[in-house]
Structure formats: structure tokens, C-alpha cells
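Secondary and tertiary structure notes
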Amino acid sequence: MRGSERALILRPTTPGDFLEVRALFRDPAFEGWGGPGFRSESQLREKYLGARLPDVECFLVEVDDRVVGFTQLYADGSGAGTDLILLPAERGAGVGRQVVEALLERVRASGRTHFVVDPSPEDRDAVAFWRAVGFRGRGRGRGRGTLAYPLQATDEQ
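My aim in this report is to walk through the structure given alongside it, one point at a time. Everything numeric in this text was worked out from a predicted model, so none of it was measured. (Residues numbered from 1 in each chain as written. Predicted model: local features only at pLDDT ≥ 70, side-chain atom pairs only at ≥ 80, totals over all residues. Heavy atoms only, no water.)

**Examining the sheet that holds strand S3 (residues 66–76)**
By definition, the strands of a sheet pair up through backbone hydrogen bonds, in either a parallel or an antiparallel sense. Under the convention used in this document: The rule for pairing is simple: two strands pair if DSSP sees at least two bridges between them. Each helix is a run of DSSP H or I of at least 4 residues and each strand a run of E of at least 2, with the numbering of both proceeding from the N terminus. Orientation is described by axes fitted as lines to C-alpha atoms, over the contacting stretch for helices, and by angles from 0 to 180 degrees between their N-to-C directions.
Here 6 strands make up an open sheet; going across it, the order is S1-S2-S3-S4-S5-S6 and the pairing mixed. Of all strands in the sheet, those bounded by a partner on one side alone are strand S1 (8–12) and strand S6 (147–149). Taken over all neighbouring pairs, the strand axes of this sheet differ in orientation by 30 degrees on average, direction set aside. Sheet topology places strand S5 (residues 115–117) next to S6; 3 bridges connect them, and they run antiparallel. Bridge pairing in S6 places phenylalanine 115 opposite tyrosine 149.

This is the structure in C-alpha cells:
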């Protein structure tokens, strides 16, 4: 079944989600996400279980009632930024695109003026994914390699 045919939910994380978050972040695909190595249990609790609201919203990505990834939406001045990681088995099946569409709805509803992502330029798969879902270069953001989604007609295409 393709991702667009499956039930996707972005579920805000809470302290009660520690076991699910820990299981994700112990997967080899998550090594190095958010910094070198694996995140410690205290880092997971501090960064990914809702403690940074309202500036950073964290979500478990669920497909058909299974946790398959993690995303966060963070304040970036007058805009928003995001990070997303999916388990390898879910990549290429449309799940990432569904997550981005849900995040875009949230960003637009908040009235933010721009939406950015900053994949490592060396991660060609990530850059290709973000470009495929509509993000373009020369966006405003945190660092080199920043891509922006054109939320307004005046945004660069």
C-alpha cells in the first residue's frame, strides 16, 4: 500500500511517550540525528517529549497505528522550520510527503511567513526529498543548505 492510502497521524509527544521515542532513537537510522552518536535518555526527555513548547512542537509519526518516525516544528523568527526522520522501511512510500503536507497546514494556519528546512548538503537523499516536496534554495534560515517552502506569492521559487 502506498503512503497516501494509509492512515497517518502526527501525534504530539508527551512525557508518557518516552518508550516510543527511545525505541525510535535507538534505531540505527536515527544515529547522529540531532548531533553525533545516539541521544541519551536525559536528552530524549529534555528535547523530544514536549518540554520545549510552544517554540518546538514534537510529533510521533504514526501510520496505521504504528510509530514510524519523528518530526518537529520549531519557531524560526516569523516563520517555522522542521526536522523529519522516518524509519527506512517507510521511506519512498509517500509517508514523508504526507507529513510535510500536515506540517504545511499547521504552518499556514499559524500565519507564519516562511517555512524552512536545513538538511546537510552532503545528504543528497534528504536534499532531493525536500526539493521533491516543494522546498527551494535561497531560503531564510539557520545555515548553509537551507531550503524554503514558498508560502507566499512573493517567496522565491
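**Points about the layout of surface pockets**
This is how it is decided: The definitions used throughout rest on a 1 Å grid laid over the protein atoms alone, on which a cavity is an enclosed set of points accommodating a 1.4 Å probe that cannot get out and a pocket is an open set flanked by protein within 12 Å on both sides along at least five of seven lines; lining residues are those having an atom within 4 Å of a point. Grid points are joined across faces, edges and corners, and a volume is the space filled by probe spheres set on the points. Residues were grouped as follows: Ala, Val, Leu, Ile, Met, Phe, Trp, Tyr, Cys and Pro as nonpolar; Asp, Glu, Lys and Arg as charged; and all remaining residues, including Gly, as polar.
Put simply, the largest pocket is a space of about 970 Å³. Every residue lining the largest pocket is counted, 36 residues in all, and those nearest its centre are Leu84, Ile85, Asp123, Ala126 and Trp130. Elements with a contribution of two residues or more to the lining of the largest pocket: helix H2 (41–48), strand S4 (79–86), helix H3 (95–110) and helix H4 (124–132). In terms of residue class, the lining of the largest pocket is made up of 15 nonpolar, 9 polar and 12 charged.

**Some remarks on the pairing of S4**
Just so we agree on the cut-off: Only protein chains enter the accessibility calculation, which uses a 1.4 Å probe. A residue is then buried if its area is under 20% of the maximum for its type, exposed if over 50%, and partly exposed in between. Looking down the strands as they point away from you, a crossover is right-handed if its path from the first strand over the helix to the second goes clockwise.
Along S4, 8 of the 8 residues are buried, which leaves the element largely enclosed by surrounding structure. Burial along S4 is two-sided: Gly79, Gly81, Asp83 and Ile85 and Ala80, Thr82, Leu84 and Leu86, pointing in opposite directions, are all buried. Relative to S4, S3 is paired through 8 bridges, and the arrangement is antiparallel. Bridge pairing links aspartate 76 to glycine 79 in S4. Between S3 and S4, which pair antiparallel one after the other, the connecting turn spans 2 residues, and glycine 77 there sits at a positive phi close to 65 degrees. Alignment of S4 against S5, held across 2 bridges, turns out to be parallel. When the sheet's bridge partners are listed, alanine 80 is paired in S5 with phenylalanine 115. With H3 bridging S4 and its parallel neighbour S5, the resulting β-α-β unit is right-handed.

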